[in-house]
Amino acid sequence: MQTPPLSIAMFIVAAMLGALGQYLYKSGADAAGGSLASYLLNPRLLGGVLCYVLVMILFVAGFKRGGAMTVLYPIYATTFIWGALIGLLAYGTPIKLVNIAGMFLLVVGIHLMGR
């Protein structure tokens, strides 16, 4: 089964949205006061939930277009790369050489899974 480029693009966008959702959860949790209302009315947490809803919509749409799970799901694993980049930009979290090596191995694995 050939995976359509549109399905691949949808999963790349889903990976970016997944990382953005993680960032919004973290920053929302930092701002939350601990009460139920501080969680339910927190715009960042709600934004994170929206990101994950969009991720699921993109998953379904990508699979519906004929995407192979063995190709598409490893692409979603790039969420870790996007998360590291967001962490660098938002929090100044350094990306170490060992992290780059892991990202490289992830990309190699994605390539091998898609063969």
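Residues numbered from 1 in each chain as written. Predicted model: local features only at pLDDT ≥ 70, side-chain atom pairs only at ≥ 80, totals over all residues. Heavy atoms only, no water.

Asker: With reference to specific residues and values, describe the nonpolar core.
Answerer: Nonpolar side chains in soluble globular proteins generally cluster together in the buried interior. In terms of nonpolar packing, the biggest core is built from 17 residues, with Phe11, Ala14, Val55, Phe59, Ile75 and Tyr76 touching the most fellow members. Counting residues per element, the ones that place at least two in this core are helix H1 (5–31), helix H3 (43–64) and helix H4 (69–76). Considering each element in turn, this core owes the most residues, 6 residues, to H1. Excluding residues within four positions of it along the chain, Phe11 makes contact with Leu58, Phe59, Gly62, Phe63, Leu72, Tyr73, Ile75 and Tyr76. (Core = buried A, V, L, I, M, F, W, Y, C linked by side-chain atoms within 4.5 Å. Buried < 20%, exposed > 50% of the residue type's maximum accessible area, 1.4 Å probe, protein only. Helix = DSSP H or I, 4+ residues; strand = E, 2+ residues; numbered from the N terminus. Contact = heavy atoms within 4.5 Å.)

Asker: Please give an account of the packing of aromatic side chains that cites residues and values.
Answerer: For the coordinates displayed, the defined rule picks out 8 aromatic pairs. Where Phe11 meets Phe59, the ring centres are 4.7 Å apart and the plane angle is 0 degrees; that geometry is what we call stacked. You can see Phe11 sitting in helix H1 and its partner Phe59 sitting in helix H3, a full 48 residues away along the chain. Assessed through its relative accessible area of 0%, Phe11 is described here as buried. Given a relative accessible area of 12%, Phe59 falls into the buried group. For the pair Phe59 and Tyr73, a centre-to-centre distance of 6.3 Å together with 70 degrees between the ring planes defines the contact as edge-to-face. Of this pair, Phe59 sits in helix H3 while Tyr73 sits in helix H4, and the two are 14 residues apart along the sequence. A relative accessible area of 43% means that Tyr73 is categorised as partly exposed. Taken together, the ring pairs connect Phe11, Phe59, Phe63, Tyr73 and Tyr76 into an aromatic cluster. (Phe/Tyr/Trp six-rings, centres within 6.5 Å; stacked < 30°, edge-to-face > 60°.)

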